[in-house]
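Summary of structural features
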Amino acid sequence: APPPAWAGLPTKGTVKILALLIAFSDYPPTTPATTFASRLFGDGQAAAPFDSLRNFYRRSSYDQLEIQGNVLGWYTTPYARSAVTETDAGRQSLIEEALTYYDQQGHNFSQYDNDGDGAIDYFCVFWTGPHGEWASFWWGYDTGFYDSSFRLDGKRLGNYSWQWELYNYPNGNFSPSTIIHETGHA
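Each chain has its residues counted from 1, running along the sequence as written. A pLDDT threshold of at least 70 governs which residues receive local features in this predicted model, and a stricter bar of 80 or more applies before side-chain atom pairs are shown or counted, although totals over entire chains, interfaces and linings include all residues. Hydrogens and water molecules were not included; the side-chain quantities draw on all heavy atoms of the structure.

**So, the pattern of salt bridges**
Keep this limit in mind: Throughout this description, the term salt bridge denotes a Lys or Arg side-chain nitrogen within 4 Å of a carboxyl oxygen of Asp or Glu. Using a 1.4 Å probe on the protein chains alone, a residue whose accessible area is under 20% of its type maximum counts as buried, one over 50% counts as exposed, and one in between counts as partly exposed. Under the scheme used here, helices are H or I runs from DSSP no shorter than 4 residues and strands are E runs no shorter than 2 residues, and both carry numbers assigned from the N terminus.
Inspection of every chain in the model, using the stated rule, returns five salt bridges. One salt bridge connects R59 with D51, and the closest N-O pair in it is separated by 3.0 Å. Under the relative-accessibility criterion, R59 is labelled partly exposed at 38%. Between D113 and K155 there is a salt bridge, and its shortest N-O distance comes to 2.9 Å. In this pair, D113 sits in the loop between α3 (88-104) and β3 (119-127) while K155 sits in the loop between β4 (141-144) and β5 (156-164), placing the two residues 42 residues apart along the sequence. In this structure D113 comes out as buried when scored by relative accessible area, which is 9%. Given the relative accessible area of 18%, K155 is considered buried.

**A few points about the nonpolar core**
The cut-off we apply is this: Definition of nonpolar core: a set of buried residues of the types Ala, Val, Leu, Ile, Met, Phe, Trp, Tyr and Cys, connected through side-chain atoms within 4.5 Å. Here, two residues are considered to be in contact whenever any of their heavy atoms come within 4.5 Å of each other.
Formed by 29 residues in total, the largest nonpolar core has its most connected members in L18, L20, I95, L99, F109, F123 and W162. Secondary structure elements with two or more residues in this core: β1 (13-23), β2 (65-76), α3, β3 and β5. Broken down by element, the residue count for this core peaks at five residues, all from α3. What F109 contacts, discounting residues up to four positions off in sequence, is L18, L72, L99, Y102, D103, I120, L152 and D153. The next biggest cluster of nonpolar side chains, apart from the first, holds 23 residues, and it includes F126, L166, I179 and I180.

**Side note on the packing of helix α2 (residues 53-60) against helix α4 (residues 177-185)**
The line we're drawing: Only the contacting stretch of a helix is used when fitting its axis, a line to C-alpha atoms as for every element, and angles between N-to-C directions run 0 to 180 degrees. Small angles under 35 degrees read as roughly parallel and large ones over 145 as roughly antiparallel, with 65 to 115 read as roughly perpendicular and the rest as oblique. Handedness of a crossing follows from how the near helix is turned relative to the far one, being left-handed for an anticlockwise turn of less than a right angle and right-handed for a clockwise one.
It is at 9 Å that the axes of α2 and α4 come closest, and there the two elements cross at 50°. On the basis of the axis angle, α2 is oblique to α4. With respect to the hand of their crossing, α2 and α4 are arranged in right-handed fashion. When α2 is examined against α4, the residues L53, F56 and Y57 are found in contact with a partner set consisting of I179, I180, T183 and G184.

**Quick word on the sheet that holds β5**
Basically, it comes down to this: A pair of strands is considered paired only if DSSP assigns at least 2 bridges between the two.
Within the open sheet, the five strands sit side by side as β2-β1-β3-β5-β4. Their pairing is mixed. Of all the strands in the sheet, the pair left with one neighbour each is β2 and β4. The mean angle between the axes of side-by-side strands here comes to 25°, regardless of whether they run parallel or antiparallel. Here β1 pairs with β2 via 10 bridges, running parallel. When the sheet's bridge partners are listed, V15 is paired in β2 with I67.

**Describing the environment of N173**
Mapped onto the fold, N173 is located in the loop between β5 and α4. Residue N173 is classed as exposed on the basis of its relative accessible area of 73%. In this structure the C-alpha to C-alpha distance between N173 and T30, which are 143 residues apart in sequence, comes to 8.7 Å.

Here's what the structure looks like:
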């Protein structure tokens, strides 16, 4: 097990995470939310090791970790992707906007605090449009949510991953390979 200071997603037991899908007015989604549900929390559509996030971590944990969760569907902004300020604050503002929408729809976010410490342990954000250069704003990575004043059902946000819907947007099929990698950081 990781040291206590590395708080994040529990490494054993059944854990629940959420997947937030964000589209932009100029970059519509091409992958149905049901495909994300299958490739993240179901059996997926391809062969191992990249069949699904759940199955990958089942195998790699010797059946000690069961990742379950919900896909919140596509939230589409009323503005173009270029309007997003490419900073931590800009990214977090976009995420807050989308999560607030689902909170107003009545989604229960407290279910993602797996260890009861008052924080949503981990969530993943997928966005539409082309990716940028390696390690740029529009790339895949794991990071932390730093706006401690933002709460959902009394829970603050913890670690999250940020990645593309499709590596070769708008072509190709969704692969869980990047989210599998980023979840390892959690």
